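Take a look at the letters that make up each chain.
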Amino acid sequence: MRWLLEVTRPVLRPLLGSVVCRVVSLLAGAALLALGAYAVADAAVHLSRTGAPGALRSAWAIVSAMAVLALLKAALRYAEQFLGHLVAFRALELLRAELFRALLPRAPRLSAGSRSGDLLARATKDIDRIEVFFAHTLAPAVSALVVPAAVLVVVSATTSWVVALAVLPLLAAQLVLVPALGARASVRASRAASRQRAALTHHVKDTVQAMGDIVGYGRERQRLEQLAALDANVASALRPSTTWASLRRGASQVLGLAAPVVVVAAGAGNVDSGSVSVPALAAAAAAVLRLSGTAQGAEALVSALAPALASAERVWEVVHAPVERHDGTRELSSGISHEVLWQGVSYTYPAACAALDSTSGSGSLGGSVLPGRAAPTADAGRMSRAAPAAAPALNDVSLRARAGRWTCVVGASGSGKSTLAMLVLRCEPLGPGSAQTGRVLIDGIDVRDLRTDSLYQEVALVPQHAHLFRACVADNVRLAAPSASDEEVREACRAAGVHEEVEALPHGYDTLVGERGETLSGGQRQRLALARALLARPNLLVLDELSSHLDPQTQARVRAGIRRYLPEATVVEITHQVRQSVQADHVVVLDAGKVVQEGSPSVLLEVDGPLRTLLARG
Ligand SMILES: Nc1ncnc2c1ncn2[C@@H]1O[C@H](COP(=O)(O)OP(=O)(O)OP(=O)(O)O)[C@@H](O)[C@H]1O
């Protein structure tokens, strides 16, 4: 709560304005009802005493006063809603900015080790739910205290303190006892529901992304069943909260309706003795009746606050997740090609990450997203118990990629090639069970000691599955260098061997590539990602399976283009294409996380060793 108020400090003033408008509007509402009741009771008393209706003159005065009060109430209600929503949307903006600011120093590890659906749920739904706290909770809660107090003072002054005192316990119960009923259980249930909703979001996102496969393999029914199960989980997680909310609402209404009866009962004696008039008592009963809705704001506070706080907690977790590794302070010299040295490197993936990965396609039912944080759900507990200790992806690997040379790392699938590349850019996931020993050095500096901006300025990674944004081709390439001219973008695309294909698109470089580049072929996507990396003119280029979608001729053209564009850069290429690796300056063969052979390809091909075996396998 304190954190929420700190983040949203800039909106606290309009929030106060919204609270004041609500309080005055509710007081106007109570006065409106009281005035009406007073007028009716006065007329009834007059009728019973004289047998004739009251004077028209006072009726007009009362109707006019009521009209003014009604207009005032409407205007204030509008102002309250306007300010409340202004505050809410501005608060959402502040919270989203806070979340994204927190993600930056944790990226790219956070995305490498997290379930993106859960992260998405925190950034969208959870933050949206906090809106309730600002727009619909604070003002009602404050007015639930202030308005009854003010009304009781007026009741005491216009009738008797006995009447005010008699109704006080009912109001106190409505404001304090009722909201406390099941409050903790509601917060617990809301927390559980938030986690289940995140699992649901993740499942929906997975399903939408894999729609083609799901329909192709006829798995629609299973996916729908899993969706229904996740939906049922959300509902059952919410059940205690909704049950308590109904009980609170019922109790609050009973107390609210009992209050005017108590006013009448307590004031009857005073009426008999003549110290309180019937119209005054009727007005007091009406005002107290009007309070029942106001006091229900306290009960509504608990019902609305529980999910808002549970969501706030989930956002807080991301914002306050430890930055596992702080940025370094050293810089790489620019303008020279760099040497990379993996020195006795072993790396094991986080166990939870491996377990989550293995369940992601089957509608997994919860789990933590943050590397380094224990998953708080029962499911996640089950996962981590069930997760076997992961085998190291790299096992004491030592190798050197010489400055300005082209080094190819080859090996069977799963031998650890991509992991090797990931460690250079420090984007390996961290979390329980992850372990790295040894060092990765660029020009003799441990990559962990480097400043991130220096690392990313000098080193570019073209990953296996590069992300293309829903934007035009040119803007996708420009991600690496936003100020690059059209000609520079074209030049990078020429070097990546994709220029002609882009020109042939309906709008050339202005063609929208669709979500994740779905309107392009796999090979075109890869080469656009390469063009993006080239445009940054890195001095160390890491290519992860660049050629997997390319025919041998295109591969040769792309390799020549890279060399022409970056003649001095060090290139580390991770590839399955053993045949193409023989064109490199240096080849490293990995097997089960270990280097089993390395050297110049011409020398390696002369001996009957792992490279020749891989080559023979094709
Ligand atoms: N995010 C991850 N979480 C857990 N284990 C992982 C993760 N990524 C890779 N691994 C495991 O680490 C090992 C090495 O994987 P890596 O991707 O480095 O191999 P690779 O040689 O690049 O494979 P491929 O050629 O198929 O891409 C594999 O056993 C793989 O299952």
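Residues numbered from 1 in each chain as written. Predicted model: local features only at pLDDT ≥ 70, side-chain atom pairs only at ≥ 80, totals over all residues. Heavy atoms only, no water.

(A) Inspection of unusual backbone geometry at higher detail. Phi at D443 takes a positive value of approximately 50 degrees, unusual for a residue other than glycine. Among the structural elements, D443 can be located in the loop between β4 (435–442) and β5 (445–446). When its relative accessible area of 32% is taken as the criterion, D443 is described as partly exposed. For E545, which is not a glycine, the phi torsion comes out positive at approximately 55 degrees. Along the chain, E545 falls in the loop between β7 (540–544) and α19 (552–565). Take E545: its relative accessible area is 4%, and that puts it in the buried class. (Helix = DSSP H or I, 4+ residues; strand = E, 2+ residues; numbered from the N terminus. Buried < 20%, exposed > 50% of the residue type's maximum accessible area, 1.4 Å probe, protein only.)

(B) Representation of a nonpolar patch on the surface in the model. A surface patch of nonpolar side chains, amounting to about 330 Å² of accessible area, comprises L16, V20, V24 and L72. If you tally residues by element for the nonpolar patch, the top one is helix α2 (residues 12–50), at 3 residues. Relative to the assigned elements, V24 resides in helix α2. For V24, a relative accessible area of 36% puts it in the partly exposed group. (Patch = residues over 30% accessible without salt bridge, like charges linked within 9 Å, V, L, I, M, F, W, Y side chains within 5 Å. Areas by Shrake-Rupley, 256 points an atom, 1.4 Å probe, with all protein chains shown as cover. Salt bridge = Lys/Arg side-chain N within 4 Å of Asp/Glu carboxyl O.)

(C) Spotlight on the packing of helix α7 (residues 183–209) against helix α10 (residues 278–319). Here α7 crosses α10 at 50 degrees, and the two axes come no closer than 8 Å. It follows from the interaxial angle that α7 and α10 lie oblique. Crossing of α7 against α10: the hand is right-handed. Where α7 abuts α10, its residues A183, S186, V187, S190, R191, S194, R195 and A198 lie against V302, A306, P307, A310, S311, E313 and R314. Across the contact of α7 with α10, the residue classes break down as 7 nonpolar, 4 polar and 4 charged. (Axes fitted to C-alpha atoms, helices over the stretch in contact; angles between N-to-C directions. Parallel < 35°, antiparallel > 145°, perpendicular 65-115°, else oblique. Left-handed = near helix turned anticlockwise from the far one by under 90°. Contact = heavy atoms within 4.5 Å. Nonpolar A, V, L, I, M, F, W, Y, C, P; charged D, E, K, R; others polar.)

(D) Quick look at the UniProt feature "transmembrane region" (unreviewed entry) in the protein. Those residues carrying the UniProt feature "transmembrane region" (unreviewed entry) are residues 12–38, 58–76, 132–155 and 161–181 in this numbering. The span residues 58–76 carries 100% helix and 0% strand; its end-to-end C-alpha distance comes to 27 Å. The straight-line gap between the two end C-alpha atoms of residues 161–181 is 30 Å; of that span, 95% is helix and 0% is strand. (UniProt positions renumbered as here; feature names shortened; annotations may be inferred.)

(E) Region of interest: the pattern of salt bridges. If you walk through the whole model with that rule in mind, you get 21 salt bridges. For E331, the salt bridge goes to R451, with nearest N and O atoms at 2.6 Å. Of this pair, E331 sits in the loop between α10 and β1 (340–348) while R451 sits in the loop between β5 and α14 (452–458), and the two are 120 residues apart along the sequence. The exposure class of R451 is partly exposed, given its relative accessible area of 28%. Among the ionic pairs, D475 bridges to R478, the shortest N-O distance being 3.5 Å.

(F) Just the sheet that holds β5, in detail. Strand order in the open sheet formed by 4 strands is β2-β1-β4-β5, with antiparallel pairing between adjacent strands. Two strands lie at the open edges of the sheet, namely β2 (394–401) and β5, each paired on one side alone. Relative to β4, β1 runs antiparallel, the two sharing 7 bridges. Note that in β4 the partner of T348 across the bridge is A435. Lying on the sheet, helix α13 (residues 417–424) is in contact with β1, β2 and β4; it crosses β1 at an angle near 115 degrees. (Pairing = 2+ DSSP bridges.)

(G) Local environment of the packing of aromatic side chains. As enumerated under the stated definition, the model contains 2 aromatic pairs in all. Between Y78 and F82 the ring centres are 6.3 Å apart and the planes differ by 20 degrees, which places this aromatic pair in the stacked class. A residue pair is termed a helical-turn pair when its members lie 3 or 4 positions apart in one helix, as Y78 and F82 do in helix α3 (residues 56–103) at 4 residues. We classify Y78 as exposed; its relative accessible area is 60%. (Phe/Tyr/Trp six-rings, centres within 6.5 Å; stacked < 30°, edge-to-face > 60°.)

(H) Structural detail: the sheet that holds strand β8 (residues 570–575). Pairing in this open sheet of 6 strands is mixed, and the strands run β6-β7-β8-β3-β9-β10 from one edge to the other. Each having just a single partner strand, β6 (459–462) and β10 (594–599) make up the two edges of the open sheet. Within this sheet the neighbouring strands show an average axis-to-axis angle of 15 degrees, counted without direction. Pairing geometry for β7 and β8, over 5 bridges, is parallel. If you follow V542 over to β8, its bridge partner there is V572.

(I) View of the environment of Q597. Along the chain, Q597 falls in strand β10. Of the residues examined, Q597 reaches a relative accessible area of 11% and is grouped as buried. C-alpha separation for the pair Q597 and P610, spaced 13 residues apart in sequence, amounts to 6.7 Å. Every residue in contact with Q597, bar those within four places of it in the chain, is listed here: V587, V588, V589, L604, V607, G609, P610 and L611. Side-chain polar atoms of Q597 contact the backbone nitrogen of L611, separated by 2.9 Å. (Polar contact = N/O pair within 3.5 Å; in protein donor to acceptor, adjacent residues only side chain to side chain.)

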